[in-house]
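# Structural characterization, general
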Amino acid sequence: MIKHIRDAKYWVFDLDGTLTLPVHDFEYIRSELGLPSGCDILATIEAQPAAEQLLLNHQLDRLEYFYADKVVPAEGLNQLLDALVKSGCHLGILTRNKREVALHCLDVMGVKSLFRSDAVLGRDEALAKPDPEGIHILLDLWQARPSEAVMVGDFRYDLEVGRAAGLATVHVDSHQERGWPEL
C-alpha cells in the first residue's frame, strides 16, 4: 500500500456521484426498465433472455445519455484534477456506464482532455464493478502496481473493486447513512 495518499501516481475514479454531483435516479431507471426496486440493474439485465437484454440495454443507453447531459462537476473537481495532472499523476475512469457515455460526461464537465480515452473504461471494456478486471486493465495500461494506485468512489462497488485489486480506496459521499465501514 502507498504510505500516504499524496504519494499515489495513478488515480482511478468512479464517475457518477464521484466526479459529478449525483443526478441519476436509479429507482426511476429501474421503473422505466421494468426491473425490481433496489436490484443491481446490470446483473438483472444480464440474467434476462438475449432478446430482452438487447431491448433493456438499448433503453438503459438512452437513459444514461439523458442523465449525461445533466451532469455537473462535483465541488472542487477541476482543482483536484488539475493538481493531480500537474504533479504527474495518471487519471482513469472505471464506470458501470458505457465508455461513450462517460466520455460525453467528461466533455460536458470540461475535463475530457485530462483523461486518455483508453483510460476510460465502461461496462463494455471490462466486467462491471465490483469485478477488478477494469482496474487490472488500467494498471497494465499504465505499467503500474496496485501499491501505486488509488480507487475513488461513492458506492460500495467502488470500494469493493479497489480492495479486490489491492488498491487504497477513498470513499466520497455526502450521505452519512451510506457508509460501509468494513470497506
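Keep in mind that what you see is a predicted model, and the values were worked out from it rather than measured. (Residues numbered from 1 in each chain as written. Predicted model: local features only at pLDDT ≥ 70, side-chain atom pairs only at ≥ 80, totals over all residues. Heavy atoms only, no water.)

## As for helix α1 (residues 26–33)
Considered for burial, the residues of α1 that qualify are Ile29, Arg30 and Leu33. The arc that holds the buried residues of α1, viewed along the axis, is 100°, so those residues lie on one side. Buried positions along α1 lie against α2 (41–46) and α3 (50–68). Sitting at the amino-terminal end of α1 is Asp25, which places a side-chain oxygen 3.3 Å from the backbone nitrogen of Glu27. Directly after α1, the chain includes Gly34, whose backbone phi takes a positive value near 70°. (Buried < 20%, exposed > 50% of the residue type's maximum accessible area, 1.4 Å probe, protein only. Helix = DSSP H or I, 4+ residues; strand = E, 2+ residues; numbered from the N terminus. Arc of directions from axis to C-beta. Contact = heavy atoms within 4.5 Å. Polar contact = N/O pair within 3.5 Å; in protein donor to acceptor, adjacent residues only side chain to side chain.)

## Concerning the sheet that holds strand β5 (residues 168–171)
What the five strands build is an open sheet, ordered β3-β2-β1-β4-β5; its pairing is parallel. On the outer flanks of this sheet lie β3 (120–121) and β5, each paired with one strand and no other. Inspection of the sheet shows strand β2 (residues 90–94) paired to β3 by two bridges, in the parallel sense. By the bridge assignment, Ile93 is partnered in β3 with Val120. Across the sheet, helix α4 (residues 77–86) is in contact with β1 (10–13) and β2; its angle to β1 comes to roughly 150°. The strands touched by helix α7 (residues 156–164) within the sheet are β2, β4 (149–153) and β5, with β5 carrying the most contacts at an inclination of about 170°. (Pairing = 2+ DSSP bridges. Axes fitted to C-alpha atoms, helices over the stretch in contact; angles between N-to-C directions.)

## Points about unusual backbone geometry
Of the consecutive residues Lys129 and Pro130, the connecting peptide bond is found in the cis state with omega at 20°. Positive phi outside glycine occurs at Gln143, with the angle close to 55°. You can see Gln143 is positioned in the loop between α6 (133–142) and β4. Here Gln143 falls in the exposed class, since its relative accessible area comes to 75%.

## Examining the side chain of Asp14
Among the structural elements, Asp14 can be located in the loop between β1 and α1. By relative accessible area, which is 7% here, Asp14 ends up buried. In this structure the side chain of Asp14 is engaged in a polar contact, spanning 2.9 Å, whose partner is the side chain of Thr18. Ignoring anything within four residues of it in the chain, the contact list for Asp14 reads Leu19, Leu94, Lys129, Met151, Val152, Gly153, Asp154 and Asp158.

## Points about α4
If you check which residues of α4 are buried, you get Leu77, Leu81 and Leu84. Projection of α4 onto a plane perpendicular to its axis shows the buried side chains occupying an angular sector of 60°, all on one side. More than 90 degrees from the buried face of α4, the exposed residues found are Gln79 and Lys86. Against the buried residues of α4 lie β1, β2 and α5 (99–109). With its phi angle positive at about 85°, Gly88 sits one or two positions after the end of α4.

## Side note on the nonpolar core
The biggest cluster of nonpolar side chains holds 25 residues, and the ones touching the most others in it are Trp11, Phe13, Leu19, Leu106 and Phe115. In terms of residue count, the dominant contributor to this core is α5 (six residues). Setting aside residues no more than four positions away along its own chain, Phe115 makes contact with Leu19, Leu81, Leu91, Gly92, Ile93, Leu106 and Val120. Of all hydrophobic cores here, the second largest spans 15 residues; its members include Leu139, Ala144, Ala165 and Leu167. (Core = buried A, V, L, I, M, F, W, Y, C linked by side-chain atoms within 4.5 Å.)

## As for the packing of α1 against α3
Interhelical geometry of α1 versus α3 gives an angle of 145° and a closest axis separation of 10 Å. Every pair of crossing elements has a handedness; the one defined by α1 and α3 is right-handed. Residue-level contacts link Tyr28, Ile29, Glu32 and Leu33 of α1 to Leu56, Gln59, Leu60, Arg62, Leu63 and Tyr67 of α3. The residue inventory of the contact of α1 with α3, partitioned by class, reads seven nonpolar, one polar and two charged. (Left-handed = near helix turned anticlockwise from the far one by under 90°. Nonpolar A, V, L, I, M, F, W, Y, C, P; charged D, E, K, R; others polar.)

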